[in-house]
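Chain by chain, the residues run as shown.
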Amino acid sequence: MSEKLKISQAVIVEGKYDKIKLEGIIDAFIIETDGFGIFKDKKRLAFIKKLARERGIAVITDSDHAGFMIRNYISSGVPKDRIFNVYIPDIYGKEKRKKTASKEGKLGVEGMTKEVILEAFKKAGLEFSEVECENPVTPYDLYEAGFSGRENSKEKRRALLRALDLPEFLSASSLISCINNTMTREEFLSLAQGLEL
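Residues numbered from 1 in each chain as written. Predicted model: local features only at pLDDT ≥ 70, side-chain atom pairs only at ≥ 80, totals over all residues. Heavy atoms only, no water.

J.: What is the right way to read the nonpolar core from this model?
T.: A general trend in soluble globular proteins is that nonpolar side chains are found buried together. Phe29, Ile31, Ile57, Phe147, Ile179 and Phe188 are the most contacted members of the largest nonpolar core, which has 33 residues in total. At the level of secondary structure, the elements contributing two or more residues to this core comprise β2 (10–13), α2 (42–55), β5 (57–61), α3 (65–75), α6 (153–163), α7 (172–182) and α8 (185–193). The residues touching Phe188, leaving out its near neighbours within four places in the chain, are Val137, Asp141, Leu142, Phe147, Leu160, Ile179 and Met183. Listed in part, the 22 residues of the second largest apolar core include Ile25, Ile26, Ile60 and Leu126. (Core = buried A, V, L, I, M, F, W, Y, C linked by side-chain atoms within 4.5 Å. Buried < 20%, exposed > 50% of the residue type's maximum accessible area, 1.4 Å probe, protein only. Helix = DSSP H or I, 4+ residues; strand = E, 2+ residues; numbered from the N terminus. Contact = heavy atoms within 4.5 Å.)

Written as structure tokens, this is what we have:
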């Protein structure tokens, strides 16, 4: 397993491709805003504010107008000492998966290189260390514990999310990320065994 940079703050990104990009570079709890969806999703915004209070957040959005609108919306409800603003530079081009460049012609977070992203986090003042997560919880562990792929997995996963005080919109990959950032594998297995439906 390759080493990733561990960040204790929750990292807020716009969309799933940004999240996928960052998951290959950093070891952190990453939450998507679903782009402009954050403006209507009060539960998600409340969860981001809760994360800001508890562990701090790092917001990394695209450097276009839309990215700044989303960043400002989140920032307006979070104390300044609980947020790190991570800015990517204006680099013009087109993401590989897209047919055309964005409206403003700039690359988004998903189009940045690993080096550019790491430099952006450093400039924001975030401290991180190189760590290798030993024996992390995997998607197979969720399946084995009955949280996915089983008859009553949905109910059991909801019970786990409630026990961890996490919102029900959390995807399986975000849940795994949160578990691996907040507890050991043994603690997770113990919690899973003692969970009441």
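J.: Please clarify how the packing of aromatic side chains should be interpreted in this entry.
T.: Remark: the centre distance and the inter-plane angle together describe each pair of aromatic rings, the angle taken between the planes. Applying the stated criterion to the full structure yields 6 aromatic pairs. Arranged with centres 5.4 Å apart and planes meeting at 40°, the rings of Phe36 and Phe39 form a pair that is tilted. Under the relative-accessibility criterion, Phe36 is labelled partly exposed at 45%. According to the relative accessible area criterion, Phe39 is partly exposed, its value standing at 28%. Centre to centre, the rings of Phe147 and Phe188 are 6.1 Å apart; their planes meet at 50°, and the pair counts as tilted. (Phe/Tyr/Trp six-rings, centres within 6.5 Å; stacked < 30°, edge-to-face > 60°.)

J.: Explain the pattern of salt bridges here, please?
T.: Pairs may arise between side chains of opposite charge once their charged atoms sit close together. By the definition in use, this model includes 8 salt bridges. Across the pair Glu95 and Lys98 runs a salt bridge whose closest N-O atoms are separated by 3.5 Å. With a relative accessible area of 27%, Lys98 lands in the partly exposed category. One connected set of salt bridges, linked through shared partners, spans Lys50, Glu54 and Asp165. (Salt bridge = Lys/Arg side-chain N within 4 Å of Asp/Glu carboxyl O.)

J.: Would you explain the sheet that holds strand β6 (residues 83–87) in this entry?
T.: In any sheet, the strands associate via hydrogen bonds between backbone groups, in a parallel or an antiparallel arrangement. In spatial order, the strands read β4-β2-β5-β6; together these 4 strands make up an open sheet with parallel pairing. A strand with exactly one partner marks an edge of an open sheet, and here the two such strands are β4 (30–32) and β6. Looking at each pair of strands side by side, their axes are set apart by 25° on average, direction ignored. Relative to the sheet, helix α4 (residues 114–123) contacts β2, β5 and β6, its axis offset from that of β6 by approximately 140°. (Pairing = 2+ DSSP bridges. Axes fitted to C-alpha atoms, helices over the stretch in contact; angles between N-to-C directions.)

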